[in-house]
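Results of the structural survey
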Amino acid sequence: DAGVTQSPTHLIKTRGQHVTLRCSPISGHKSVSWYQQVLGQGPQFIFQYYEKEERGRGNFPDRFSARQFPNYSSELNVNALLLGDSALYLCASSLGGQGPYEQYFGPGTRLTVT
Amino acid sequence: GEDVEQSLFLSVREGDSSVINCTYTDSSSTYLYWYKQEPGAGLQLLTYIFSNMDMKQDQRLTVLLNKKDKHLSLRIADTQTGDSAIYFCADRPQDDKIIFGKGTRLHILP
């Protein structure tokens, strides 16, 4: 079975541009979460979606938005990119709902803003 | 606010036990997790513990939870070179998010 997949693997953008990152969850998983991991830090929670609805939002500006599609895949959009947005963006999928909420992470998208 | 803290580095001799410690602040935590991240890779869920448990053992891994002190530890028995990685403690204070610590880099000495 395929794990969580993310695209693209690497991306270089210029300040002020917009970026869209994509994630496909494990088959059967209905929840997708997005995290930002700056070098040397732990992942910071950005969003969680479950059954196509936003269930949680971290402390990130409105430049960050996301959505989940009927097939449970997800997109993370970041507008007006800043140098500080350079990071590894991780997507995690889980069955969602109650219970231990075991999240399985994708390999991430490395975003560099110049 | 919600916070998870862990020491940044740990060096252990091959064959010894490694103990990685973590503290968290939220008393409403339901589950606590340990993740492993190898260089250039995503995060791998190692194990988790429900907040009403004190201990969980899974092969070489033992998780201890002291809910009164909000202290979590991960013990890796018979540490091998393949255990060299960054270990993240994570806390689930609410159903909709997980809070990660900054990670402990485990270095294995020959």
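Keep in mind that this is a model prediction, so the values were computed, not measured.

Cut-offs and rules
- Residues numbered from 1 in each chain as written.
- Chains lettered and ligands numbered in written order.
- Predicted model: local features only at pLDDT ≥ 70, side-chain atom pairs only at ≥ 80, totals over all residues.
- Heavy atoms only, no water.
- Disulfide = S-S within 2.5 Å.
- Helix = DSSP H or I, 4+ residues; strand = E, 2+ residues; numbered from the N terminus.
- Buried < 20%, exposed > 50% of the residue type's maximum accessible area, 1.4 Å probe, protein only.
- Contact = heavy atoms within 4.5 Å.
- Buried area = accessible area lost by both parts, 1.4 Å probe.
- Salt bridge = Lys/Arg side-chain N within 4 Å of Asp/Glu carboxyl O.
- Polar contact = N/O pair within 3.5 Å; in protein donor to acceptor, adjacent residues only side chain to side chain.
- Core = buried A, V, L, I, M, F, W, Y, C linked by side-chain atoms within 4.5 Å.
- Pairing = 2+ DSSP bridges.
- Axes fitted to C-alpha atoms, helices over the stretch in contact; angles between N-to-C directions.
- Phe/Tyr/Trp six-rings, centres within 6.5 Å; stacked < 30°, edge-to-face > 60°.

1. Concerning the state of the cysteines
- Per the stated rule, a full pass over the model turns up 2 disulfides over all chains.
- The side chain of Cys23(A) participates in a disulfide bridge whose partner is Cys91(A); the two sulfur atoms lie 1.8 Å from each other. Residues Cys23(A) and Cys91(A) are joined through a disulfide that is left-handed, its torsion about the S-S bond being -60 degrees. Linking Cys23(A) in strand β3 (residues 19–24) with Cys91(A) in strand β9 (residues 87–94), this pair joins segments that are 68 residues apart in sequence. Taken as a pair, Cys23(A) and Cys91(A) share a single burial class, namely buried.
- The disulfide that involves Cys22(B) links it to Cys89(B), with 2.0 Å between the sulfurs. Linking Cys22(B) and Cys89(B), the disulfide has an S-S dihedral of approximately -65 degrees and is accordingly described as left-handed.

2. Digging into the interface of chain A and chain B
- Contacts between the two partners involve 22 residues from chain A and, on the opposite side, 17 residues from chain B.
- Buried area between chain A and chain B, both sides added, is near 1,600 Å², and the carbon and sulfur share of it is 53%.
- For chain A, the biggest contributors to the area lost against chain B are Pro100(A), Tyr101(A) and Phe105(A); these three give 26% of the whole.
- Our count for the chain A to chain B interface comes out at 0 salt bridges.
- Summed over the shared surface of chain A and chain B, the number is 2 residue pairs in polar contact (both at pLDDT 80 or more).
- Elements with a contribution of two residues or more to the side of chain A that touches chain B: β4 (31–37), β5 (44–50), β6 (53–57) and β9 of chain A.

3. Structural notes on the nonpolar core
- Of all hydrophobic cores here, the largest spans 22 residues; its most connected members are Trp34(A), Ile46(A), Leu76(A) and Tyr89(A).
- Every element with two or more residues in this core is listed here: β3, β4, β5, β7 (64–68), β8 (74–78), β9 and β11 (109–113) of chain A.
- Ile46(A) has contacts with Trp34(A), Tyr35(A), Gln36(A), Gly56(A), Arg57(A), Gly58(A), Phe60(A), Phe64(A), Leu76(A) and Tyr89(A), leaving out every residue within four places of it along the chain.
- In terms of nonpolar packing, the next biggest core, distinct from the first, is built from 21 residues, Val12(B), Leu61(B), Leu65(B) and Ile76(B) among them.

4. Regarding unusual backbone geometry
- In the segment running from Ser7(A) into Pro8(A), the intervening peptide bond is cis, with an omega of -10 degrees.
- Of note, the phi angle at Tyr72(A) is positive, near 75 degrees, even though the residue is not glycine.
- Topologically, Tyr72(A) is positioned in the loop between β7 and β8.
- In this structure, Lys70(B) takes a positive phi of about 55 degrees despite not being glycine.
- With respect to the element layout, Lys70(B) can be found in the loop between β7 (61–66) and β8 (71–76).
- Residue Lys70(B) is classed as partly exposed on the basis of its relative accessible area, which comes to 23%.

5. Quick word on the sheet that holds β8(B)
Residues and elements named next belong to chain B.
- Taken in spatial order, the 5 strands make up an open sheet running β1-β3-β8-β7-β6, and their pairing is antiparallel. This sheet does not close on itself; its edge strands, each paired only once, are β1 (4–6) and β6 (55–58). Taken pair by pair, the neighbouring strands of this sheet meet at an average axis angle of 15 degrees, ignoring direction.
- Relative to strand β3 (residues 18–24), β1 runs antiparallel, the two being bridged by 3 bridges. The partner of Val4 across the bridge, within β3, is Tyr24.

6. Some words on the packing of aromatic side chains
- The tally for this structure, following the rule as stated, stands at 14 aromatic pairs over all chains.
- Look at Phe105(A) and Phe100(B): their rings are 6.1 Å apart centre to centre, the planes differ by 80 degrees, and that puts the pair in the edge-to-face class. Linking Phe105(A) in strand β10 (residues 104–105) with Phe100(B) in strand β10 (residues 97–100), this pair reaches from one chain into another.
- The interplanar angle of 80 degrees and the centroid separation of 6.4 Å between the aromatic rings of Phe88(B) and Phe100(B) together place this pair among those described as edge-to-face. One end of the pair, Phe88(B), is in strand β9 (residues 85–94); the other, Phe100(B), is in strand β10, with 12 residues separating them in the sequence. Across the pair, Phe100(B) and Phe88(B) agree in class, each one buried.
- Here the aromatic cluster, defined as three or more aromatic residues joined through ring pairs, consists of Tyr35(A), Phe45(A), Phe105(A), Tyr31(B), Tyr33(B), Tyr35(B), Tyr48(B), Phe50(B), Phe88(B) and Phe100(B).

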